Amino acid sequence: MERLSGFDATFLYSETCTVPMHTLKVGVVEVTGGDASALFERFQTTLEERLDLIAPYRLRIVDVPLGFHHPVWVRDPDFDIRRHLRRRTVAAPGTQREMDDAIAEIAAQPLPRDRPLWEMWMLEGLASGEVGFCAKVHHAVADGIASAQLLSNIMGAVEDAVQDSTALIQPEPLPTPTRLLWDAFVDHLKMIAHIPILLAKTARG
């Protein structure tokens, strides 16, 4: 369990239904052989195998009761990659304009808070025969550049070796409201105790 910084939490606090706080990464790739369903299944399987290379994508937000402190990141005990991967067929005739319209609709919808804050969409029906991919990542997880760097960890050949994930932290049950409030109270005490040090540094400055 790790508490969000005030800066990262701001992206959650400022989000509204008309102002979603996520970034998008869009790519169009050539595909050879196989139908769209087979491609999507292969995409899902490969991504799931490599997901521990981007650990933040398994973390979800848990709010502190009464807003007593910033929310915390918790490894999602109910993680299911099928809740994050989507397929969509763009409208005919499947030109750049129709793909852009589909991406705009995807971008307009805020990410659900009951799961890790990301989605990936496979866009089918392009006139070129290519397939589009749209990754949607909340700014609280990573900013635009950091999101691209995280995704680069999994964008390699299928034959690349996948990191052994057995030593990684395993998911735990979500913390209880009592645990969240207690940890928040302790964090507040630590911040108060730090004030004299902060004032001394300020005076020296």
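Rules of the game
- Residues numbered from 1 in each chain as written.
- Predicted model: local features only at pLDDT ≥ 70, side-chain atom pairs only at ≥ 80, totals over all residues.
- Heavy atoms only, no water.
- Helix = DSSP H or I, 4+ residues; strand = E, 2+ residues; numbered from the N terminus.
- Buried < 20%, exposed > 50% of the residue type's maximum accessible area, 1.4 Å probe, protein only.
- Polar contact = N/O pair within 3.5 Å; in protein donor to acceptor, adjacent residues only side chain to side chain.
- Arc of directions from axis to C-beta.
- Contact = heavy atoms within 4.5 Å.
- Pairing = 2+ DSSP bridges.
- Salt bridge = Lys/Arg side-chain N within 4 Å of Asp/Glu carboxyl O.

**Remarks on the side chain of R115**
Part 1 of the reasoning: Tracing the backbone through its elements, the reader meets R115 in the loop between α3 (96-108) and β6 (118-124).
Part 2 of the reasoning: Judged by its relative accessible area of 14%, R115 is buried.
Part 3 of the reasoning: Among the polar contacts listed, one links the side chain of R115 to the side chain of D114, at a separation of 2.9 Å.

**Describing unusual backbone geometry**
Part 1 of the reasoning: Backbone torsion omega between A92 and P93 reads 5°, so that peptide bond is classified as cis.
Part 2 of the reasoning: Along the polypeptide, P93 turns up in the loop between β5 (85-89) and α3.

**Structural notes on helix α1 (residues 6-13)**
Part 1 of the reasoning: If you check which residues of α1 are buried, you get A9, F11 and L12. One side of α1 holds all its buried residues, which, seen down the axis, span an arc of 145°.
Part 2 of the reasoning: On its buried face, α1 is in contact with β3 (59-62) and β7 (131-138).

**Structural notes on the sheet that holds strand β4 (residues 72-75)**
Part 1 of the reasoning: Strand order in the open sheet made by the 3 strands is β1-β4-β3, with antiparallel pairing throughout. Both edges of this open sheet fall to β1 (2-3) and β3, since each of them pairs with a single strand only.
Part 2 of the reasoning: Relative to β4, β3 runs antiparallel, the two being bridged by 4 bridges. Paired with L59 across the two strands is R75, which belongs to β4.

**With respect to the pairing of β7**
Part 1 of the reasoning: Most of β7 is tucked away: 8 of the 8 residues are buried.
Part 2 of the reasoning: Neither face of β7 is open: one carries V131, F133, A135 and V137, the other G132, C134, K136 and H138, and all of them are buried.
Part 3 of the reasoning: The pairing of strand β2 (residues 22-29) with β7 spans 8 bridges and is classified as antiparallel. Across the sheet, residue L24 finds its bridge partner in β7, namely K136.
Part 4 of the reasoning: Pairing geometry for β6 and β7, over 6 bridges, is antiparallel. Paired with M120 across the strands is A135, a residue of β7.
Part 5 of the reasoning: Hairpin connection of β6 to β7: 6 residues between the antiparallel strands, including G125 at a positive phi of 85°.

**A short note on the pattern of salt bridges**
Part 1 of the reasoning: One pass over the structure, following the stated rule, counts 9 salt bridges.
Part 2 of the reasoning: Across the pair R87 and E124 runs a salt bridge whose closest N-O atoms are separated by 2.7 Å. One end of the pair, R87, is in strand β5; the other, E124, is in strand β6, with 37 residues separating them in the sequence.
Part 3 of the reasoning: On the basis of relative accessible area, E124 is assigned to the buried category, the value being 12%.
Part 4 of the reasoning: With its nearest N and O atoms 2.9 Å apart, the salt bridge here joins D114 to R115.
Part 5 of the reasoning: Each of R83, D114 and R115 takes part in salt bridges that share partners, so that together they form one network.

By themselves these figures say nothing about function.
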